[in-house]
Amino acid sequence: MKKLLVFWLIIPLLSFAQITEELDFVAPFNDGLAAVQKGDSWGFINESGTLVIPFRKDLVLTKSNKSKYPIFKNNRCLISETKNGITYFGYIDSKGKTVIAPQFLNATNFNNGKAVVLHILKENIGDNTILGKKVVYYRYFEVVIDLNGSVGSYLNPKGINIVLDKEYLKTPPEITSKKISDNIYAFPTETKKWKLVFINEETAF
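It should be emphasised that the depicted structure is a prediction, and the values quoted were computed from it without experimental measurement.

Unusually for a residue other than glycine, N74 sits at a positive phi of about 60 degrees. Looking at the secondary structure, you find N74 in the loop between strand 6 (67–69) and strand 7 (77–83). Take N74: its relative accessible area is 26%, and that puts it in the partly exposed class. Phi at K192 is positive, roughly 65 degrees, even though this residue is not glycine. The residue K192 is located in the loop between strand 15 (184–188) and strand 16 (194–198) in this model.

As structure tokens, then:
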């Protein structure tokens, strides 16, 4: 009975391993986790030095302190996935689970429970009778999302037309809005002026 008890007590300790190998980079702690680099892969350690998110290649790097490394903000870290040559962005939680699937053309880190992303909408505009296909076009919008990925306020209601083809979209489109406060964002207009967008917390999501 004592041997069985010891066995079950050891199992949790073996779930994660402390890093004993050499690393290429160790980032500062954010949200209780620090990014560590090995080759072209990144993982995360906790404050005990235990690797809690194994090394992977889909973590998005954030520029900070003259360096670039993945970062957790509000229990979310950016990830990316390439589909048909186009990069899409999503988020994982502190356990490494994908909580918002890669679907945005660009995305920021979360800040006080909100992030700005480039959200794509698809619209059918007719049928091509010769090819037997529907004619569609895509438009992306700068929107504010919550920690679950729900879309709230549209910062540019008109949106921007986009061709979802790797030949035309070789790099992610730029996010142009700026967060001024928890409830105010500034968005550049066509006349190169700034428009303030106020978010009503009660109706935003």
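From this point, the discussion proceeds with the structure in view.
Read across the open sheet, the 4 strands follow the order 1-2-3-4; overall the sheet is antiparallel. In this open sheet, the two strands that pair with only one neighbour each are strand 1 (25–30) and strand 4 (51–56). Direction aside, neighbouring strands of the sheet carry axes that sit 15 degrees apart on average.

For the rest of this paragraph, the subject is the pairing of strand 15. Remark: a regular strand shows side chains that alternate across the two faces of the sheet. Direction of pairing for strand 14 (residues 178–179) relative to strand 15: antiparallel, over a ladder of 2 bridges. Residue pairing in the sheet places K178 in a bridge with A186 of strand 15. Between strand 14 and strand 15, which follow one another and run antiparallel, lie 4 residues. Where strand 15 lies against strand 16, 5 bridges are found, and the strand directions are antiparallel. In the sheet register, P188 faces strand 16, and the bridge partner there is W194.

Let us now look at the side chain of R76. With respect to the helices, strands and loops of the structure, R76 is situated in the loop between strand 6 and strand 7. Despite being buried, R76 has no salt bridge partner; D93 is the closest side chain of opposite charge, sitting 5.3 Å away. Separated by 3.2 Å, the side chain of R76 and the backbone oxygen of L147 make a polar contact.

With antiparallel pairing, 3 strands are arranged side by side in an open sheet as 7-8-9. On the outer flanks of this sheet lie strand 7 and strand 9 (98–104), each paired with one strand and no other. Within the sheet, the average angular offset between the axes of one strand and its neighbour, ignoring direction, is 25 degrees. Pairing of strand 8 (residues 86–92) with strand 9 involves 3 bridges; the strand directions are antiparallel. Residue pairing for strand 9: I92 is matched across the bridge by T98.

Mapped onto the secondary structure, I184 falls in strand 15. Separated by 14 residues in sequence, I184 and F198 have C-alpha atoms that sit 4.7 Å apart.

The rules we used
Residues numbered from 1 in each chain as written. Predicted model: local features only at pLDDT ≥ 70, side-chain atom pairs only at ≥ 80, totals over all residues. Heavy atoms only, no water. Helix = DSSP H or I, 4+ residues; strand = E, 2+ residues; numbered from the N terminus. Buried < 20%, exposed > 50% of the residue type's maximum accessible area, 1.4 Å probe, protein only. Pairing = 2+ DSSP bridges. Axes fitted to C-alpha atoms, helices over the stretch in contact; angles between N-to-C directions. Lys, Arg positive; Asp, Glu negative; His and termini not counted. Salt bridge = Lys/Arg side-chain N within 4 Å of Asp/Glu carboxyl O. Polar contact = N/O pair within 3.5 Å; in protein donor to acceptor, adjacent residues only side chain to side chain.

Read these as layout, nothing more, since geometry by itself doesn't imply function.
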